Amino acid sequence: MSKAVEFYSQSEDRGAEESLAFLMVKNALIFERLADIRLAPLDITSSQTRVLMMIGCAGFTMASVIAKRMGSNAAGVVRSIDKLEKKGWIERVRSEEDRREVHLHLTSAGEKLINQIPHYMNETLNHSLRDFSREEFEGLINQLKRVAENNLAQLHEYEKEGE
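What counts as what
Residues numbered from 1 in each chain as written. Predicted model: local features only at pLDDT ≥ 70, side-chain atom pairs only at ≥ 80, totals over all residues. Heavy atoms only, no water. Helix = DSSP H or I, 4+ residues; strand = E, 2+ residues; numbered from the N terminus. Buried < 20%, exposed > 50% of the residue type's maximum accessible area, 1.4 Å probe, protein only. Contact = heavy atoms within 4.5 Å. Areas by Shrake-Rupley, 256 points an atom, 1.4 Å probe, with all protein chains shown as cover. Polar contact = N/O pair within 3.5 Å; in protein donor to acceptor, adjacent residues only side chain to side chain. pLDDT = per-residue confidence, 0-100. Axes fitted to C-alpha atoms, helices over the stretch in contact; angles between N-to-C directions. Parallel < 35°, antiparallel > 145°, perpendicular 65-115°, else oblique. Left-handed = near helix turned anticlockwise from the far one by under 90°. Nonpolar A, V, L, I, M, F, W, Y, C, P; charged D, E, K, R; others polar. Salt bridge = Lys/Arg side-chain N within 4 Å of Asp/Glu carboxyl O.

1. Quick notes on the overall build of the protein
- Tallying secondary structure elements over the protein gives six helices and two strands in all.
- Seen in sequence order, the protein has helices and strands lined up from the N terminus as α-α-α-α-β-β-α-α.
- Considered along the principal axes of its C-alpha atoms, the protein spans approximately 55 × 45 × 25 Å.
- Burial analysis of the protein (163 residues in total) assigns 20% to the buried set.
- Partitioning the contacts of the protein with sequence separation of at least 6, the portion at a separation of at least 24 is 49%.
- Accessible area for the protein stands at about 12000 Å²; split by element, carbon and sulfur atoms hold 53% of it.

2. A closer look at the side chain of serine 19
- Along the chain, serine 19 falls in the segment before helix H1 (20-39).
- Within the structure, the side chain of serine 19 is placed 3.1 Å from the backbone nitrogen of phenylalanine 22, a separation counted as a polar contact.

3. Things to note about the confidence of the model for the protein
- Per-residue confidence for the protein gives a mean pLDDT of 89, with 92% of residues at or over 70.
- Mean pLDDT across the elements of the protein ranges from a minimum in helix H3 (residues 63-70), with 88, to a maximum in helix H4 (residues 74-86), with 95.

4. Description of the packing of helix H2 (residues 46-56) against helix H5 (residues 108-128)
- Two numbers describe how H2 lies on H5: the axes approach to 11 Å, and their chain directions differ by 115°. When the axes of H2 and H5 are compared, the pair comes out roughly perpendicular. In this structure, H2 crosses over H5, and the sense of that crossing is left-handed. Here Thr49, Leu52, Met53 and Gly56 of H2 come into contact with H5, specifically with Gly110, Leu113, Ile114 and Ile117.
- Along the lines of polarity and charge, the residues of the contact of H2 with H5 split into five nonpolar, three polar and no charged.

5. Concerning the pattern of salt bridges
- Counted under the stated rule, the structure contains seven salt bridges.
- With a closest N to O distance of 2.3 Å, glutamate 85 and arginine 92 form a salt bridge.
- Taking the shortest distance from any N to any O, the salt bridge between arginine 134 and glutamate 138 comes out at 3.3 Å. Here arginine 134 and its partner glutamate 138 are both found in helix H6 (residues 134-161), four residues apart, which amounts to about one turn of the helix.
- According to the relative accessible area criterion, arginine 134 is exposed, its value standing at 56%.
- Taken together, the salt bridges that share partners define one network made up of Asp82, Glu85 and Arg92.

Below you can see the structure in the form of structure tokens.
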């Protein structure tokens, strides 16, 4: 792994509640709860929404890949898939090349739902960013993209080491 600038060290006097990791997890958990509240009228949870988006937007079609990408256990992802299928938003299709593989695809109802979700979340996002200037907002987006890129690169390096 390449050497990164060290913002944190064991001698750092920053408390746990001020650490970047804590703040990112805290915000993710709060946002997940807010999403559950906002998405309730659509009869979908934030967990199910993540799985739906992985299928419809990211193009992942296998439960095992979705679970790995989400950092979730396969059983939890399969439960979400079962619920999404029962509601008619996705369908399971057996692979023509390998009959052991089952691929997940959006139904037309699932595509319609994906298009509705942003409308339900925009108010929450705008409220979260209410005291931000346009420049601060754009800066936050760019910084979060960089953190995500660095995290993915780090993850890929660890996965290579584990092979």
